[in-house]
Amino acid sequence: PTVEPALTDISAEALRAADNASADARVIDPQGILDEAQAEDLNRLLAFHSETASVEVRFLLLYAGQQLPSGTDLSRLASGELARGSACLVVYPLAAPGRARIFLTQNVTRAVDAAYLESLAAACRRDAAEARDAVEQLQRFATQLSIRLFWLERAYPTVKPEPATAVQTPPDATAQVAA
């Protein structure tokens with residue numbers, strides 16, 4: 001049997017950067033894992049998805065040997081935007097699609113059968129694993145996820161965005177982000 005190397009937690013600094021990412025960020029890459037062109041390609045795919053989908057998709061990228069620290073509050077990512085409406089967050093370790101985790105807001109998980117969600121995640125991982133290149137795996141995962149979420153919306157028409165609550169930005173928010 002092979003022994004898997006121990007995973008390391010993403011740094012506190014990178015996690016803070018993910019928390020402070022722009023509310024409209026679809027690709028949250030606080031460590032700069034993707035180059036500009038790769039990130040733009042993924043952003044374009046996710047922007048296309050969000051134009052017609054009820055469930056918004058975001059990706060948090062990690063290195064293959066990383067994980068989120070225990071107790072991480074995912075609702076704080078992207079300046080708290082994930083806690084509003086219907087959302088899907090993929091915590092995606094590049095080059096390790098089998099470890100990718102899909103998180104959905106409660107209004108989605110309450111409306112959709114758990115077995116359906118498990119098959120959705122398995123299909124995304126399986127499709128990504130067909131590629132050898134790590135960035136192509138990510139693209140395949142994101143494409144399959146977009147397709148499956150559209151199917152989910154057809155199969156479960158009760159999945160609708162919950163009304164967003166008004167959020168007031170403190171006047172010194174810019175200083176907090178820059179810090």
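Rules used throughout
Residue positions are counted from 1 within each chain, in the order its sequence is given. Residue-level local features of this predicted model are given only where pLDDT is at least 70; pairs of side-chain atoms are given and counted only at 80 or more, and the full residue set underlies all totals for whole chains, interfaces and linings. Calculated side-chain values reflect all of the structure's heavy atoms, with hydrogen atoms and water omitted. By the criteria applied, helices consist of DSSP H or I runs no shorter than four residues and strands consist of E runs no shorter than two, each listed in order from the N terminus. Burial classes: relative accessible area under 20% of the type maximum marks a residue as buried, over 50% as exposed, and values in between as partly exposed (1.4 Å probe, protein chains only). Think of it this way: Lys and Arg go in the positive column, Asp and Glu in the negative one, and His and the chain ends go nowhere. Within this document, salt bridges are pairs made up of a side-chain nitrogen of Lys or Arg and a carboxyl oxygen of Asp or Glu, the two lying within 4 Å of each other. We call two N or O atoms a polar contact when they sit within 3.5 Å, provided that within protein one can donate a hydrogen and the other can accept it, with sequence-adjacent residues counted only if both atoms are side-chain atoms. Contact criterion: two residues are considered in contact whenever any of their non-hydrogen atoms come within 4.5 Å of each other. Geometry is summarised by axes, namely lines fitted to C-alpha atoms with helices restricted to the contacting stretch, and by angles between N-to-C directions that run from 0 to 180 degrees. An angle below 35 degrees is read as roughly parallel, one above 145 as roughly antiparallel, one from 65 to 115 as roughly perpendicular, and any other as oblique. In this scheme, a crossing is called left-handed if the near helix is turned counterclockwise away from the far one by less than a right angle; it is called right-handed if the turn is clockwise. The residue classification treats Ala, Val, Leu, Ile, Met, Phe, Trp, Tyr, Cys and Pro as nonpolar and Asp, Glu, Lys and Arg as charged. All others, Gly included, are polar.

Q: It is not clear to me how the side chain of Arg58 should be interpreted in this structure. Could you clarify?
A: If you trace the backbone, Arg58 turns up in strand E3 (residues 56–62). Buried charge without a partner: Arg58 forms no salt bridge, and the closest opposite charge is Glu56, 4.2 Å away. In terms of polar contacts, Arg58 uses its side chain to reach the backbone carbonyl oxygen of Ala23, at 2.7 Å. Apart from residues no more than four positions distant in its own chain, Arg58 is found in contact with Ala23, Asp24, Ala25, Arg26, Ala78, Glu81, Leu82, Cys88, Leu89 and Val90.

Q: Explain the packing of helix H2 (residues 36–52) against helix H5 (residues 134–155) here, please?
A: Each pair of packed helices gets described by two things: the angle between the helix axes and the distance between those axes. Packing of H2 against H5 leaves a shortest axis separation of 11 Å and a crossing angle of 5 degrees. Between H2 and H5, the crossing angle belongs to the class labelled roughly parallel. Residues Gln38, Asp41, Leu42, Leu45, His49 and Thr52 of H2 form the contact with H5, whose own contacting residues are Val135, Leu138, Gln139, Ala142, Thr143, Ser146, Leu149, Phe150 and Glu153.

Q: I'm lost on the environment of Asp41 in this one. Help?
A: Within the secondary structure, Asp41 is located in helix H2. Judged by its relative accessible area of 37%, Asp41 is partly exposed. Taking the C-alpha atoms as reference points, Asp41 and Gln139, separated by 98 residues in sequence, lie 8.4 Å from one another.

Q: What am I meant to see in the packing of helix H4 (residues 114–129) against H5 here?
A: At a minimum axis distance of 8 Å, the contact between H4 and H5 shows a crossing angle of 155 degrees. Between H4 and H5, the interaxial angle falls into the category roughly antiparallel. Here H4 runs over H5; the crossing is right-handed. Contact residues: Tyr116, Leu117, Leu120, Ala123, Cys124, Arg125, Asp127 and Ala128 in H4; Gln137, Arg140, Phe141, Gln144, Leu145, Arg148, Leu149, Trp151, Leu152 and Ala155 in H5. Broken down by class, the residue content of the contact of H4 with H5 amounts to 12 nonpolar, two polar and four charged.

Read these as layout, nothing more, since geometry by itself doesn't imply function.
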